[in-house]
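Results of the structural survey
The primary structure of each chain is shown beneath.
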Amino acid sequence: MRVLLVPLGSSGDVNPFVGIGVAMRQRGHDVTVVTNAHFEPMVRQAGLDFAAQSSEQQFGETIGHPDMWDPHKGPALFLRFCVECLAETYERLASLHEPGRTVCAAAPQAFGARVAQEKLGLPLATLIPNPMLLRSVYVMPKSPLVRAPAWIGPWGNRIVYRLLNRRFDKVLAGPVNEFRGSLGLTPARHVWGSWRNSPQRIIGLWPDWLYGPQRDWPPQALVTGFIEYDGLPTAAVNDADWRRTVDALEGPPIVFTAGTAMAQAAGFFAAAAGACTRLGRPGVLLTQRPQQLPAPLPPTVVHVAYAPLTELLGQAAALVHHGGIGTAARALKAGIPQVIMPMAYDQHDNVHRLEKLGVAREIPRERFEPARVAEVLRALIESPGVAERCRLYASRLHNTDAVDRSCDCLESLLTG
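Residues numbered from 1 in each chain as written. Predicted model: local features only at pLDDT ≥ 70, side-chain atom pairs only at ≥ 80, totals over all residues. Heavy atoms only, no water.

1. Looking at helix α10 (residues 266–279)
Compared with the 20 Å implied by 1.5 Å per residue over 14 residues, the 20 Å span of α10 between its first and last C-alpha is a close match. Listed in full, the buried residues belonging to α10 are Phe268, Phe269, Ala271, Ala272, Ala273, Gly274, Ala275, Cys276 and Leu279. Buried-residue contacts for α10 involve β8 (254–256), β9 (283–286), β10 (301–304), β11 (318–321) and α14 (370–381). (Helix = DSSP H or I, 4+ residues; strand = E, 2+ residues; numbered from the N terminus. Expected span 1.5 Å × (residues − 1). Buried < 20%, exposed > 50% of the residue type's maximum accessible area, 1.4 Å probe, protein only. Contact = heavy atoms within 4.5 Å.)

Shown next, in the form of structure tokens:
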């Protein structure tokens, strides 16, 4: 079988696809990852084939844009980037597609894969990385873009979703349907609301205890679980460096990361260093953009450019981060509490779900200051109840079969 994987976004979006790709290759399949050129070194280091559908320059300009992490402006900016990738994604898939032996798994915003399914008959599974993107009118997400009081109920939530779909389709519908027309396809309706997802299979990459099946989910939707793949650095990194740096600390550190795509985290890391000083605890600032760090760092706070998050968090006392679902999953598996400063996209919804589990606390961006971060960290780390909840969910993430179940779903697209 030839397997084509089409993630689109940051490392947190790409890593689960690469993890599935490694497993599919171990099953004997040919695997090609079709994504931005920025990730070519990582993909090839994982032993997978690679095809670019956008340039390193496009990626850098998008994640470096000042509106990228604005909760209201960022989503439209990101969707415009996705539309720019549409034609090239389709062309790559068309050139790689071998009818009868090819399947595809794509992110919901990889619109070229959805067009290839319709035009070429390419079997397609939509892989959804976070709960917010698999909608239900019975469980509304928490987001600055979706402000719906609980009392409006399912009927009111449908209206909210309809308005949100119209907002996104103002960005998407024109260019998507123009490209479809060039291929002889009729215009698609409800591009963001429903068309983006494959009618064959939708796979949610989280466990059902975080967000389980709903009455109004499409019949082809299921959840398999978190995909545990930490990725590889996109540049040469000496693995011994981070281990030596972390091992030299006295006691379990607090780890801080604002996400691999975040280029506006100077305030986050300044507050991180200050919080560690107030607590008298060691800290690890994890970023590949050292220009965001305060200078000089306190003696007990160190910078690490790259470390496998699963291994690093296994030595940590707590994690402070941006709310990405992959990062949160690693902290759940490590059994440590989390402090989250959400900024945009799915991050507000993720922290809401983690707070309900009793393992995390949110600090809004405008209140993310050393004293507040230290106060919340101290309360979480010293709470026996939080420790018990962290152990409970860590135990649920050991010996899971999420990767195998996801691979089985892809294979079934051809075998039935």
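2. Some thoughts on the packing of helix α4 (residues 74–84) against helix α7 (residues 153–182)
Interaxial distance between α4 and α7 falls to 9 Å at its minimum, and their mutual angle equals 10 degrees. In terms of their interaxial angle, α4 and α7 are classed as roughly parallel. For the pair α4 and α7, contact is made by Pro75, Ala76, Leu79, Arg80 and Val83 and by Phe168, Val171, Leu172 and Pro175, respectively. Class assignment of the residues belonging to the contact of α4 with α7 gives a composition of 8 nonpolar, no polar and 1 charged. (Axes fitted to C-alpha atoms, helices over the stretch in contact; angles between N-to-C directions. Parallel < 35°, antiparallel > 145°, perpendicular 65-115°, else oblique. Nonpolar A, V, L, I, M, F, W, Y, C, P; charged D, E, K, R; others polar.)

3. Here we look at the pattern of salt bridges
Taken as a whole and judged by the stated rule, the model has 14 salt bridges. The residue arginine 114 makes a salt bridge to glutamate 118 at a minimum N-O spacing of 3.8 Å. With a gap of 4 residues between them, arginine 114 and glutamate 118 both fall in helix α6 (residues 111–120), about one helical turn apart. Looking at glutamate 118, the relative accessible area reads 33%, which means it is partly exposed. (Salt bridge = Lys/Arg side-chain N within 4 Å of Asp/Glu carboxyl O.)

4. A word on the nonpolar core
Counting 132 residues, the largest nonpolar core has Phe256 and Leu410 as the members making the most contacts within it. Not counting the four nearest positions on each side in its chain, phenylalanine 256 is found in contact with Phe268, Phe269, Ala272, Cys276, Val284, Leu285, Leu286, Val320, Val373 and Leu377. Ala307, Leu313, Ala316 and Ala331 belong to the second-largest nonpolar core, a separate cluster that totals 16 residues. (Core = buried A, V, L, I, M, F, W, Y, C linked by side-chain atoms within 4.5 Å.)

5. Thoughts on the packing of aromatic side chains
The description of an aromatic ring pair rests on the distance of the ring centres and on the angle between the ring planes. Under the defined criterion, the tally for this structure stands at 13 aromatic pairs. Where phenylalanine 78 meets phenylalanine 81, the ring centres are 6.2 Å apart and the plane angle is 35 degrees; that geometry is what we call tilted. Within this pair, phenylalanine 78 and its partner phenylalanine 81 are both found in helix α4, separated by 3 residues, close to a single helical turn. Relative accessible area serves as the criterion here: at 15%, phenylalanine 78 is assigned to the buried category. Of the residues examined, phenylalanine 81 reaches a relative accessible area of 4% and is grouped as buried. With 5.1 Å between their ring centres and 10 degrees between their planes, phenylalanine 268 and phenylalanine 368 make a pair best called stacked. With phenylalanine 268 in helix α10 and phenylalanine 368 in the loop between β13 (360–362) and α14, the pair connects residues that are 100 residues apart, well separated along the chain. Of the residues examined, phenylalanine 268 reaches a relative accessible area of 4% and is grouped as buried. (Phe/Tyr/Trp six-rings, centres within 6.5 Å; stacked < 30°, edge-to-face > 60°.)

6. Section: unusual backbone geometry
Proline 296 follows alanine 295 through a cis peptide bond whose omega is -5 degrees. For proline 296, the position within the fold is in the loop between β9 and β10. A positive phi angle is found at tyrosine 345, which is not glycine, with a value near 60 degrees. Looking at the secondary structure, you find tyrosine 345 in the loop between β12 (338–340) and α13 (347–357). Unlike most non-glycine residues, asparagine 399 shows phi in positive territory, near 60 degrees. Mapping asparagine 399 onto the fold places it in the loop between α15 (384–396) and α16 (402–415). With relative accessibility at 83%, the residue asparagine 399 sits in the exposed group.

7. Section: the sheet that holds strand β2 (residues 30–36)
If you walk across this open sheet you meet the 7 strands as β3-β2-β1-β4-β5-β6-β7, and the pairing is parallel. Edge positions in the sheet fall to β3 (49–54) and β7 (221–223), since each of these pairs with one other strand and no more. The mean inter-strand angle of the sheet, taken between neighbouring strand axes irrespective of direction, is 20 degrees. Bridge count between strand β6 (residues 201–204) and β7: 3 bridges; the pairing is parallel. The residue bridging isoleucine 202 from the neighbouring strand is alanine 221, located in β7. The strands that helix α5 (residues 86–96) touches are β1 (2–6), β2, β3 and β4 (102–106); relative to β3, the one it contacts most, it runs at about 150 degrees. (Pairing = 2+ DSSP bridges.)

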